[in-house]
Amino acid sequence: MQVKPPMSEEQRKYVVQANYFNEKKNYSEAIKLYKKAIEIDPTTYPAAYYNLALLYAQINSYSTAIYYMQKYLLLEPDAKAARNAQDKIYEWDAVVNPPE
């Protein structure tokens, strides 16, 4: 998306709270709050998908991590982190589908 709609205060609250719990390594709470932020508007804050992917990788749920990273890349294909995001997908895919 070229132009993103502005983030609402309610969505911002969830993102700030999710970031806080992520810093405290309370991954399950951070995941829950990022998902609430996405529920409000799935396109306003693409970084929520990126963060969800990293959180799911932290708890060894690599298939889910891949799913969220792909969602991130759909919304931000030209992001500075796009190459790194795609590389993470390749890494996690090697865990999910080990090379022979």
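Residues numbered from 1 in each chain as written. Predicted model: local features only at pLDDT ≥ 70, side-chain atom pairs only at ≥ 80, totals over all residues. Heavy atoms only, no water.

> Can you tell me about the nonpolar core, naming the residues and giving the values?
Among the nonpolar cores identified, the biggest contains 30 residues, and Tyr34, Leu52, Met69, Tyr72 and Trp92 are the most heavily contacted of them. Those elements that place two or more of their residues in this core are helix 1 (9-23), helix 2 (27-40), helix 3 (47-58), helix 4 (62-75) and helix 5 (82-96). Take this core: its biggest share by element is eight residues, from helix 3. Those residues in contact with Leu52 that lie beyond four places of it in its chain are Ile31, Tyr34, Lys35, Ile38 and Tyr68. (Core = buried A, V, L, I, M, F, W, Y, C linked by side-chain atoms within 4.5 Å. Buried < 20%, exposed > 50% of the residue type's maximum accessible area, 1.4 Å probe, protein only. Helix = DSSP H or I, 4+ residues; strand = E, 2+ residues; numbered from the N terminus. Contact = heavy atoms within 4.5 Å.)

> Could you give me a rundown of the pattern of salt bridges, with the residues and numbers involved?
Taken as a whole and judged by the stated rule, the model has three salt bridges. For Glu29, the salt bridge is made with Lys32, and the minimal N-O distance between the two is 3.2 Å. Highlighted residues: Glu29 and Lys32, both in helix 2, separated by three residues, approximately one helical turn. Residue classification places Glu29 among the partly exposed residues on the basis of a relative accessible area of 22%. The exposure class assigned to Lys32 is partly exposed, which follows from its relative accessible area of 41%. Taking the shortest distance from any N to any O, the salt bridge between Arg83 and Asp87 comes out at 3.4 Å. Of the two residues, Arg83 and Asp87 are both situated in helix 5; the distance of four residues between them amounts to about one turn of the helix. A relative accessible area of 31% places Asp87 in the partly exposed class. (Salt bridge = Lys/Arg side-chain N within 4 Å of Asp/Glu carboxyl O.)

> Any chance you could break down the packing of helix 3 against helix 5 for me, citing the residues and the numbers?
Where helix 3 contacts helix 5, the two axes come as close as 12 Å, and the packing angle between them is 30°. Between helix 3 and helix 5, the angle is such that the two are roughly parallel. The interaxial crossing formed by helix 3 with helix 5 has left-handed handedness. Contacts between helix 3 and helix 5 involve Tyr50, Ala53, Leu54 and Ala57 from the first element and Asn84, Ala85 and Trp92 from the second. For the contact of helix 3 with helix 5, the residue count by class is six nonpolar, one polar and no charged. (Axes fitted to C-alpha atoms, helices over the stretch in contact; angles between N-to-C directions. Parallel < 35°, antiparallel > 145°, perpendicular 65-115°, else oblique. Left-handed = near helix turned anticlockwise from the far one by under 90°. Nonpolar A, V, L, I, M, F, W, Y, C, P; charged D, E, K, R; others polar.)

Purely spatial values, then, with no claim about function.
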